[in-house]
Structures are given as structure tokens and as C-alpha cells.
Amino acid sequence: MDFALALLLGYLLGSVPFGLLLTRATGGPDIREIGSGNIGATNVLRTGNKGIAALTLLLDAGKAAGAGWLAMALFGAPFHLVAAAAALLGHCYPVWLRFKGGKGVATFFGALLGLVWPIGLVAAGTWLLVAFTTRYSSAAALCAALFSTAVSLLFFPWPVTAMIAFMTVLIVWRHRENIGRLRAGTESRIGRKA
């Protein structure tokens, strides 16, 4: 029962579309109709409102951390990990938006930094290194997720690794089009228009 409740709690918190809600509240366009059509901070940034994009980034990151902390208080470990992973699922596939959400990178980092901060730092460092050297945000996100799973497998208990591995699979799946563009050499680089 605790597993199911943690799963539901995390999913519902994760499915709150902060990017869409904040953009609408400030008179911006429907972000589902511009750019990638995703609800995350990257697409909010395409509206030109950097402040709302930054707030979206923080709130999307806070979804998984918040879900994990709340589940820890209500159900204890390891159900906080279940809630955090479910928050990422909710962000990527929100029931309120016909299961069309974001790619989950901010939520992924929020889960790691909020619940397993050493791996969160590893992931952040990996993202920065890859982003700086390749100028591909998608490649940086993929490398950060994959390397985090490997580090967890070596140094952390299986419930943590299971959470990170699940999230990594979601991140890779949500970036499948980016992977195709990376292979074709057509992926947009950081700082350049798509």
C-alpha cells in the first residue's frame, strides 16, 4: 500500500505543468504550440521570458525532491525513491495534458540533488563537462544520466540504483529524437538557434 501511495503522490506532484501554468499566468503563449511543444524550462525560454524559464526550472527540479521528502515523512525509506521516480514519470507524461510533458532533465537533477546529493553532484559535473566540450545540451543530459547510473551501481545500495536506472531509461527515451539528430549531425548546439 505504501508503494502505491508513494507512486501516486510522486506522479501527481510531478505532473503539475509549471511551465505551462506560469507562462499562461504571465500572459505568454501556450508553450505547447511553440518550439518543441514540451512544457519544460527550455521551451519556456523560447518565449523570451528568462525569469519564468528560471522559475520553471527550479519548480520542475523541486517536483522530485519535494515528492521524495514528503514520501519520506509519510512512508519512510525506500518509498521516497519511488515517489521521486514517479515525479519524473508524471513530468514526462502528465495526465492533465494527455500525457505530453517535458523531457525531465530538471526533474531528474532535482531528484538526485535532493535525495542522493553526491550522485547529483556527479551528474551536474558530467553535464557541465559534456555541455562545455560538445555544446550539446541533449548529449550532456544523456551522459549525466548514464554516468549517474554507473556510479550508483558501483557505490550505492540497489534501491537508489533502481531509482536512477528507471529515471535514466525515461531520460533516454524522451531524448530519442535528439539521439537521432546527434547521430545525423543536425542537433542544435547550445547558444545557436535550432
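Further up the page is the structure itself.
The structure reproduced in this document is the subject of the present report. Just so it is clear, the model here is predicted, and its values are computed rather than measured.

What about the packing of aromatic side chains?
For step 1, the next point in the chain: This structure, assessed with the given rule, holds 1 aromatic pair.
For step 2, the next point in the chain: Summarising the aromatic geometry, the rings of phenylalanine 108 and phenylalanine 109 are spaced 5.8 Å apart at their centres and angled 80° between planes, so their arrangement reads as edge-to-face.
For step 3, the next point in the chain: According to the relative accessible area criterion, phenylalanine 109 is buried, its value standing at 14%.
For step 4, the next point in the chain: Over the ring of tyrosine 93 we find arginine 174; its NZ or CZ atom is 5.0 Å from the centre of that ring.
For step 5, the next point in the chain: Across from the ring centre of tryptophan 173, 4.0 Å away, lies the NZ or CZ of arginine 176, which sits over that ring.

Comments concerning the state of the cysteines
For step 1, the next point in the chain: Tallied over the full model, the rule gives 0 disulfides.
For step 2, the next point in the chain: Distance from the sulfur of cysteine 92, which forms no disulfide, to the nearest cysteine sulfur (cysteine 143) is 18 Å.
For step 3, the next point in the chain: On the basis of relative accessible area, cysteine 143 is assigned to the partly exposed category, the value being 33%.

Things to note about unusual backbone geometry
For step 1, the next point in the chain: Residue proline 78 follows alanine 77 across a cis peptide bond; omega there is 0°.
For step 2, the next point in the chain: With respect to the helices and strands, the residue proline 78 is situated in the loop between helix H4 (50–75) and helix H5 (79–92).
For step 3, the next point in the chain: Positive phi outside glycine occurs at arginine 98, with the angle close to 55°.
For step 4, the next point in the chain: Tracing the backbone shows arginine 98 in the loop between H5 and helix H6 (105–115).
For step 5, the next point in the chain: Look at arginine 98 and you get exposed, because its relative accessible area is 79%.
For step 6, the next point in the chain: Backbone geometry at phenylalanine 99 places phi at a positive 65°, although glycine is not the residue there.
For step 7, the next point in the chain: Turning to its location among the elements, phenylalanine 99 is positioned in the loop between H5 and H6.

The rules behind each value
Residues numbered from 1 in each chain as written. Predicted model: local features only at pLDDT ≥ 70, side-chain atom pairs only at ≥ 80, totals over all residues. Heavy atoms only, no water. Phe/Tyr/Trp six-rings, centres within 6.5 Å; stacked < 30°, edge-to-face > 60°. Buried < 20%, exposed > 50% of the residue type's maximum accessible area, 1.4 Å probe, protein only. Lys NZ or Arg CZ within 6 Å of the ring centre and 35° of its normal. Disulfide = S-S within 2.5 Å. Helix = DSSP H or I, 4+ residues; strand = E, 2+ residues; numbered from the N terminus.

By themselves, these are just geometric observations and shouldn't be taken as functional.
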